[in-house]
Amino acid sequence: VLFLMGLSLSGCSPRESTLPDAPSTAADASQSAPATPQLLRHVHQLTFAGARTGEGYFSADGTKIVFQSEREEGNPFYQIYVFDRCTGETKRVSPGHGKTTCAWFHPDGSKVLFASTHEDPQSLALQAEEIAFRASGQTRRYSWDYDEHYELYAHELFSGHLTKLTSSRGYDAEGAYSPAGDTIVFASNRTAYEESLSPEQADRLAKDPAYFMEIYRMNADGSNVTRLTNAPGYDGGPFFSADGSKITWRRFAPNGATAEIFVMNADGSDQRAVTSLDAMSWAPFFHPSGDYIVFATNLHGFDNFELYLVRADGGGTPVRVTESAGFDGLPVFSPDGASLLWTSNRGSAKQSQLYRADWDDAVARTLLGLAPPKSPIAPTAEKLCGAPPVDLQQLRTRVGVLAGPEMQGRRTGTSGELLAVELAAEALAELGLEPAGDNGTYFQTFEFTSGVSLGEGNILTLRHNDADESFAPGEEWLPLSFTETGTVPATGVAFAGYGIVAPELARENEPSVAAYDAYVHLDVKDKWVAVLDGLPLDVPTDVHAHLARYSGLRYKAMVARDKGARGLLLLHGPRSPSKRELIPLTFDTTQAKTSLAGITLSTALGEKLFASSPRSLEQLQQELDTGKPMMGFTLEDLSVAATLDLLEQHSTGKNVLARLPAEARYRYRANTVIVGAHIDHLGVGKHPGSLATAEDTAQIHFGADDNASGVAAALAIAEQVQQRIRSGRLAPTNDLLIALWSGEEIGLLGSSHYVNTLPESEASRITAYLNLDMVGRLEQSLVLQGIGSSPDWHSLLERANAPVGLSLSLQNESYLPTDATSFYLKRIPILSGFTGAHRDYHTPRDTPEKLNYPGLASIAHLFTNVAAGLLEREDKLAYREMERPEHLGRRANLRAYFGTIPDYVESDLKGVKLAGVAQGGPAQQAGLQAGDIVLGVGEKQIENIYDYTYALEGLKIGEPVSVRLRRGEEVITLDVTPGSRD
């Protein structure tokens, strides 16, 4: 079962043979009971590295965890590791070859007990054989083999000395020290090798060595071995209660199909079952109070293991703890009972890893019908690692200043941005970082075109049959903002329908749709091309979505230019549902000018072009809207002349750059670690990108989360790194560069300028770029994007997050709509933090009081740990190239307005969770809510954000579409009528 789930745990797990679907008993009322999430809080993944990790156990003081993992290159079997929760350091304590399993700390913390086959003379050969098998690309059905060479060993943590404790033929494993440390309880099938077997028993041993497993107890030095159980079927996985008086274990039925949880006295007396679920119930562990036991069971499905509680006296009804598809098992409590640690494959990678959560003993007792504990559990040193060292008040102050009214929204090139970068530079100077900008300053300046306006010479002239009619710009026409300026003499006009050129659309189980080409047999060289804005209105939804990708204004202009056209006339058709007739004269800094004259015309002026045509513009559009091919044609007796005069407005943006150099003796070979965040925002009023409602369009976009939070975190990281250096806890061999970018909101201008002007000699020394963009509203998980950019991130994050304990959502995506992409495109590994979208995003409602400052402090703590690890690293991170996604460089052509804000944190969901809905937008009016999970739009199934974006591209203004969504446990369908984005 576990193999099918992608798990390869140890002999401490149940027998991994093929098992029938275990029926549950009618008497068990808990089978359909919902999970009780109040038992677990702050669930987070603890380990990330390696192919798989599992079966972790706390040290007696709670500061360390011992676990087994496949995580070393060239080693195909589990090895045993000790993980320091305060430092994140992980150290292998097993020999490094052979198979190992089932580790346990001695209560004094001096040694670790585990089972190993490394003394098997064939261990190295078996390891090499397994490596070769895996390298061949083959896979085998997983089955724990109960290797007869498994023996128990004690590893001295300080000396490294390894003491062999058992020497009997057979499987000796699954061992645990007693709380006093004087005895060990373990599982073994040694009697099957010591006693004379009948032919039937010998055949069974060859096929099923687990059948002969029993529970034994011995002294800590391996002496005085005593058998405690004697029953057919597998008895295994024993653990003492915290007071040492009891032992709990699991007992399999003789056929191996089911298992139940048992309890006995430490001397083996009074053996009794405490479950009767008739399922695969196993991996029991006492709560420190001894009053109840946590265990795993597949009561809810053959391959769905969940955690449950049962009273140690067997009374009452078992209580469900987890509810997550896949595997949750091998649970253990921390010594003080405040934490639960278990193994799960619930993450997006579906690999087994260790998870931890805060445990609520009071709730557990209420659900189990237990009284409060007779005496409080002695606290352990689990919390000695300390609170995040980041100053919360300092974070609040910095966010409050950056997102205050004096900054006026920090739009690039404005006085507000200038004030913000000057204050940030002063802060970095006070922290002792050196200037790393232009000419010995903290600033790197860059110029950009911030806008365009009409010059005085604009005029458009239509000539019909030698009669001229001229129009001044304004209500009838406007130049397109990316137009080539100058004069176009009277030139003929060709009509090319919607101006779309799109490839064939392949369909599953349906005939494909032929390629769409508005220019078939149409000569447009040196002519104006008149095209309708948008795309055909009456085509099927999938065709609409397909054509939408090729209907953007820029794309149409590119096609016309490449066909040899002299200019583009963009027509607002009479049937268009868009309220906007003319494209506003706004400048998009992410797109440069084109060598093509471009004009946008009103409906009335567009209709004048067809005065001599046998069909009106409305008739032509009606025919085109069916999606059927239509030949373009030249408009007879018509020419158009134009003088286009635009005035560009140039502004200057400023990046802030500050360096903390490595120690002098490392300067000649130091690499650079960059921590960055963008300091700019949207300014005041309705600029491009603003999602302000009609009521607040004139207000300041304060940008507390986006991105005063990231800047405050970056400054805190600089401060923490300096403190560690000055206290002797950090000795950097690499440089730290703090970079606060401007121009991010208008096209990643600042970070792009930096990487594009950086000498290759310096660029080659950048080992990683750490980005903080919108990290102020932590709720459940911190999203870390860019994991796919380097294979080293998992192990680095495992160590960095150990003392922080954040819930992390790891996403491989490395082409991102933030400054990190500027670096990834230069082959530099990236890591970008993000706490998710929200309804205040890009509105004046993104204000400082809405931030989660303790969460922001934890994020700064995590990134400080990552940066510190990189600053002491001798080699550069490995770069991994990822496939460039289709959507990169192509903006979603969302002509229809839907009004939803996706939640990018929930990356493991099938569907798209909504972080919010725009006030008064179509989605809100239809009843959609924050927290809804969109499963389908129209006929489109939605599994991820890309499905959702493509589905929205196919929507039509004013045409209702059904939206299927999950709200809680209910799946509902609502009809949404998209509005006009104008």
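The structure under discussion appears in the preceding block.
The present account deals with the structure reproduced in this document. (Residues numbered from 1 in each chain as written. Predicted model: local features only at pLDDT ≥ 70, side-chain atom pairs only at ≥ 80, totals over all residues. Heavy atoms only, no water.)

Section: helix α5 (residues 392-402)
Here comes step 1: For α5, the set of buried residues is Leu395, Arg398, Val399 and Leu402. The arc that holds the buried residues of α5, viewed along the axis, is 95°, so those residues lie on one side.
Here comes step 2: Lining the buried residues of α5 we find α6 (415-430), α11 (704-726) and α16 (853-871).
Here comes step 3: Sitting at the amino-terminal end of α5 is Asp391, which places a side-chain oxygen 2.9 Å from the backbone nitrogen of Gln393. (Buried < 20%, exposed > 50% of the residue type's maximum accessible area, 1.4 Å probe, protein only. Helix = DSSP H or I, 4+ residues; strand = E, 2+ residues; numbered from the N terminus. Arc of directions from axis to C-beta. Contact = heavy atoms within 4.5 Å. Polar contact = N/O pair within 3.5 Å; in protein donor to acceptor, adjacent residues only side chain to side chain.)

Regarding the side chain of Gln68
Here comes step 1: With respect to the helices, strands and loops of the structure, Gln68 is situated in strand β3 (residues 64-70).
Here comes step 2: On the accessibility criterion, Gln68 (1% relative accessible area) is buried.
Here comes step 3: Within the structure, Gln68 has its side chain in polar contact with the side chain of Glu55 (distance 3.5 Å).

A few points about the packing of aromatic side chains
Given two aromatic rings, one states the distance between the centres and the angle between the planes to describe the pair.
Here comes step 1: On inspection of all chains with the given rule, the structure shows 32 aromatic pairs.
Here comes step 2: Look at Trp741 and Tyr769: their rings are 6.4 Å apart centre to centre, the planes differ by 50°, and that puts the pair in the tilted class. Taken together, the residues span a long stretch of sequence, with Trp741 in strand β39 (residues 735-741) and Tyr769 in strand β40 (residues 766-772) at a distance of 28 residues. The pair Trp741 / Tyr769 is uniform in exposure class, with both members buried.
Here comes step 3: Ring centres 5.2 Å apart and planes at 35° place the aromatic pair Tyr824 and Tyr879 in the tilted group. Placement of Tyr824 in helix α15 (residues 820-824) and of Tyr879 in the loop between α16 and β44 (896-897) is noted, with a sequence separation of 55 residues between them.
Here comes step 4: In textbook terms, an aromatic cluster arises when at least three aromatic residues are bridged by ring pairs, as seen for Tyr146, Tyr150, Tyr171, Tyr234 and Phe252.
Here comes step 5: One cation-aromatic arrangement involves Arg71 over Tyr81; the distance from NZ or CZ to the ring centre is 5.5 Å.
Here comes step 6: Here the guanidinium or amino end of Lys654 rests over the ring plane of Phe443, the centre of that ring lying 4.7 Å away. (Phe/Tyr/Trp six-rings, centres within 6.5 Å; stacked < 30°, edge-to-face > 60°. Lys NZ or Arg CZ within 6 Å of the ring centre and 35° of its normal.)

Observations regarding the environment of Val531
Here comes step 1: Considering the arrangement of structural elements, one finds Val531 in strand β33 (residues 528-532).
Here comes step 2: For the pair Val531 and Phe495, spaced 36 residues apart in sequence, the C-alpha separation works out to 6.2 Å.
Here comes step 3: Excluding anything up to four places from it in sequence, Val531 contacts Ala496, Gly497, Tyr498, Gly499, Tyr519, Lys556, Leu568, Leu569, Leu570 and Leu571.

Re a nonpolar patch on the surface
Here comes step 1: Together, Val401, Leu419 and Leu423 make up an exposed nonpolar region whose accessible area comes to about 190 Å².
Here comes step 2: On the secondary structure map, Val401 appears in helix α5. (Patch = residues over 30% accessible without salt bridge, like charges linked within 9 Å, V, L, I, M, F, W, Y side chains within 5 Å. Areas by Shrake-Rupley, 256 points an atom, 1.4 Å probe, with all protein chains shown as cover. Salt bridge = Lys/Arg side-chain N within 4 Å of Asp/Glu carboxyl O.)

Examining the nonpolar core
Here comes step 1: By size, the foremost hydrophobic cluster in this structure holds 79 residues, and its most contacted members are Val112, Leu309 and Trp359.
Here comes step 2: If we skip the residues at most four places from it in the chain, Leu309 touches Leu39, Tyr292, Ile293, Val294, Phe295, Pro318, Val319, Val321, Phe333, Trp359, Ala364 and Leu368.
Here comes step 3: Judged by nonpolar contacts, the second largest core, of 72 residues, contains Val711, Ala718, Leu784 and Leu797. (Core = buried A, V, L, I, M, F, W, Y, C linked by side-chain atoms within 4.5 Å.)

Digging into the sheet that holds strand β2 (residues 52-58)
Here comes step 1: One open sheet holds the four strands; their spatial order is β2-β3-β4-β5, and the pairing between them is antiparallel. A strand with exactly one partner marks an edge of an open sheet, and here the two such strands are β2 and β5 (90-92). Each neighbouring strand pair of the sheet contributes to a mean axis angle of 30°, computed without reference to strand direction. (Pairing = 2+ DSSP bridges. Axes fitted to C-alpha atoms, helices over the stretch in contact; angles between N-to-C directions.)

Quick look at the pairing of strand β28 (residues 467-471)
Here comes step 1: Pairing of strand β27 (residues 459-464) with β28 involves five bridges; the strand directions are antiparallel. In the sheet register, Leu460 faces β28, and the bridge partner there is Phe471.
Here comes step 2: Hairpin connection from β27 to β28: two residues lie between these consecutive antiparallel strands, with Asn465 at a positive phi of about 50°.

Focus: the environment of Lys850
Here comes step 1: Among the secondary structure elements, Lys850 is positioned in the loop between β43 (830-834) and α16.
Here comes step 2: Separated by 264 residues in sequence, Lys850 and Thr586 place their C-alpha atoms 32 Å apart.
Here comes step 3: Ignoring anything within four residues of it in the chain, the contact list for Lys850 reads Arg777, Asp840 and Arg845.
Here comes step 4: At 3.2 Å, the side chain of Lys850 forms a polar contact with the side chain of Asp840.

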